[in-house]
Amino acid sequence: MATLVFLEHHEGELEKRGLAVLSKAASLGGEVAGAVLGAGVGDVAATAGRFGASAVYVCEDPALGAPLPQPRVDALERLVRDQGFDTVLFAQSILASDVAAGLAARLEAGLNWDLSDLVQQDGALVGKRPALGDSVYVDVGWRGEPRIGLFRSGAFDPVETGGEARVESFSATFQDFSLAATMVEQAHEERTGPSIEDAEIVVAGGRGLGKPENFALLEELAKELGGAVGATRAVVDAGWYPYGSQVGQTGKTVSPKLYIACGISGAIQHKVGMQNSNVIVSINKDGNAPIFEYSDLGVVGDVQEILPKLTELVRQRKGA
Ligand SMILES: Cc1cc2nc3c(=O)[nH]c(=O)nc-3n(C[C@H](O)[C@H](O)[C@H](O)COP(=O)(O)OP(=O)(O)OC[C@H]3O[C@@H](n4cnc5c(N)ncnc54)[C@H](O)[C@@H]3O)c2cc1C
């Protein structure tokens, strides 16, 4: 097996979700390499060796400076054809989803998306994929090569194995149509603390918070705990909190050590995004709220009263 993993980077670091897929690929054996594409990215590439890559292919070109998919499809197509990779894996993101779909079309390859696992079964590579609102897992495979797979974010953690990667540069030729789109403007979310995908603690809020201003209560608790704030779709749709924080079927999948759900009913579409958290604590004033059915600890009460007390308690414990 010769596997290539697409590695995204941000502010001079390889992103955790790509390294997690790299670790998974390395655990399956065979040749595993990473692809790092961009402008001025040579320095970050070698990090991939610590997570199981024996080689990292780096393509540096101004055309790859903006996070646009088509130039990346051109570069990866060339790399896969030249090096003969039989498997290409991606960690889910908006960019990765576009690139994976474009590459599948270009190489006439099969793409399995939303994978939560990948295993060797009777000599074949088999993907595991949730279906029917995450109520069942189905096995998916590929009829030919290269096999392309896109993993759900949060499906794995990066595992450092301490190796070293050979870094090789390659150049790409871009199609005219690939350069037709230009990035007009880029905005960066201002954030202190970890992202919800990386945080070990997520404090999430729903409509039970009553009004957008009450998200400040969650932010204070998250700050004290060193965590991040998540939200349900109901409050994101209402404009109370940004989409980047949405947890669930049409948002992000998270698997922190602790998930504190505040004023969240626990709809199936929310559950699928946080059910793999180690410990789930829920605060809801309705003792029959569905979220209690899959919580490790449930508190029946008003979030507006409980949250300030909880934050104060955490402060006191930290100070003690
Ligand atoms: C195709 C599709 C995709 C979807 N994708 C997502 C998704 O990605 N993520 C997602 O979250 N949802 C998603 N949804 C929406 C989902 O079905 C629910 O509507 C949504 O999760 C409900 O959000 P909520 O829990 O904030 O609100 P509600 O369901 O209104 O629940 C509010 C809860 O707060 C409690 N409450 C009220 N006041 C207080 C108080 N003072 N103190 C404590 N508790 C209080 C109530 O008892 C209630 O349980 C999707 C739906 C569809 C159809």
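A few points on the structure. The structure displayed is predicted, hence computed values, not measured ones. (Residues numbered from 1 in each chain as written. Predicted model: local features only at pLDDT ≥ 70, side-chain atom pairs only at ≥ 80, totals over all residues. Heavy atoms only, no water.)

A closer look at the overall build of the protein chain
A count of helices and strands for the protein chain gives eight helices and 17 strands. Taking 20 Å as the expected radius of gyration for a compact globule of 320 residues, we find that the protein chain reaches 21 Å, a close match to that expectation. In terms of overall dimensions, the protein chain has a C-alpha envelope of 60 × 45 × 40 Å along the principal axes. Relative to its full complement of 320 residues, the protein chain shows a buried share of 49%. For the protein chain, long-range pairs separated by at least 24 residues make up 63% of all intrachain contacts whose partners lie at least 6 apart in sequence. As displayed, the protein chain offers around 15,700 Å² of accessible surface, 48% of which is attributable to carbon and sulfur atoms. Side chains of the protein chain give 27 positive and 42 negative charges; the mean places of these two sets differ by 5 Å. (Helix = DSSP H or I, 4+ residues; strand = E, 2+ residues; numbered from the N terminus. Rg over C-alpha atoms; globule rule 2.2 N^0.38 Å. Buried < 20%, exposed > 50% of the residue type's maximum accessible area, 1.4 Å probe, protein only. Contact = heavy atoms within 4.5 Å. Areas by Shrake-Rupley, 256 points an atom, 1.4 Å probe, with all protein chains shown as cover. Lys, Arg positive; Asp, Glu negative; His and termini not counted. Charge placed at Lys NZ, Arg CZ, Asp CG, Glu CD.)

Some remarks on helix 4 (residues 94-107)
Given a rise of 1.5 Å per residue, 14 residues ought to cover 20 Å, and the 20 Å separating the end C-alpha atoms of helix 4 matches this to within 8%. Every buried residue of helix 4 is listed here: Leu95, Ala96, Val99, Ala100, Gly102, Leu103, Ala104, Arg106 and Leu107. In this structure, the buried residues of helix 4 make contact with strand 1 (2-7), helix 3 (69-83), strand 6 (87-91), strand 7 (110-115) and strand 11 (147-151). (Expected span 1.5 Å × (residues − 1).)

Comments concerning the sheet that holds strand 10 (residues 136-140)
Reading across the sheet, the three strands line up as 8-9-10 and stay open at both edges, with antiparallel pairing between neighbours. Each end of this open sheet is capped by a strand with a single partner; those strands are strand 8 (117-121) and strand 10. Across this sheet, the average inter-strand angle for adjacent strands is 35°, counted without regard to direction. Note: strand 9 (residues 124-131) against strand 10, five bridges, orientation antiparallel. By the bridge assignment, Lys128 is partnered in strand 10 with Asp139. (Pairing = 2+ DSSP bridges. Axes fitted to C-alpha atoms, helices over the stretch in contact; angles between N-to-C directions.)

Here we look at helix 8 (residues 303-319)
Along its 17 residues, helix 8 runs 24 Å from first to last C-alpha, staying within 8% of the 24 Å computed at 1.5 Å per residue. The complete set of buried residues in helix 8 reads Val303, Leu307, Thr311 and Val314. Each buried residue of helix 8 sits inside an arc of 65° when the element is viewed along its axis, so together they form one side. Of the exposed residues in helix 8, the ones pointing more than 90 degrees away from its buried face are Glu305, Lys309 and Gly319. Where helix 8 is buried, its residues meet helix 5 (215-225), strand 15 (258-262) and strand 16 (279-284). A distance of 2.9 Å separates the backbone nitrogen of Gln304 from a side-chain oxygen at the start of helix 8, and that oxygen is part of Asp302. (Arc of directions from axis to C-beta. Polar contact = N/O pair within 3.5 Å; in protein donor to acceptor, adjacent residues only side chain to side chain.)

Looking at the packing of helix 3 against helix 4
In contact at an axis separation of 9 Å, helix 3 and helix 4 are set at 50° when each is read in the N-to-C sense. Taken as axis vectors, helix 3 and helix 4 run oblique relative to one another. At the point where helix 3 passes helix 4, the crossing takes the right-handed sense. Packed against helix 3, whose contacting residues are Pro69, Gln70, Arg72, Val73, Asp74, Leu76, Glu77, Val80 and Arg81, the element helix 4 presents Leu95, Asp98, Val99, Gly102, Leu103, Arg106 and Leu107 at the interface. Within the contact of helix 3 with helix 4, the residues separate by chemical class into eight nonpolar, two polar and six charged. (Parallel < 35°, antiparallel > 145°, perpendicular 65-115°, else oblique. Left-handed = near helix turned anticlockwise from the far one by under 90°. Nonpolar A, V, L, I, M, F, W, Y, C, P; charged D, E, K, R; others polar.)

As for the site of the ligand
Surrounding the ligand, one finds 24 residues, the nearest of these being Arg207, Thr232, Thr250, Ser265 and Gln269. Contact distances for the ligand include 3.0 Å between an oxygen atom and a backbone N or O atom of Arg233. In the model, an oxygen atom of the ligand is placed 2.7 Å from a nitrogen or oxygen of the Ser265 side chain. Considered on its own, the ligand offers 980 Å² of accessible surface; in the complex 75% of this is hidden by protein. Elements supplying a minimum of two residues to the shell around the ligand: helix 6 (233-237) and helix 7 (268-274). Of the residues belonging to the shell around the ligand, the class tally is five nonpolar, 14 polar and five charged. (Near = heavy atom within 4 Å.)

Quick word on the pairing of strand 9
For strand 9, the buried fraction is high: six of the eight residues fall into the buried class. As judged from the five bridges shared by strand 8 and strand 9, these two strands associate in the antiparallel manner. Counted as the bridge partner of Asp117 is Lys128 from strand 9. The turn linking strand 8 back onto strand 9 is made up of two residues, and Asp122 within it adopts a positive phi angle of 50°.

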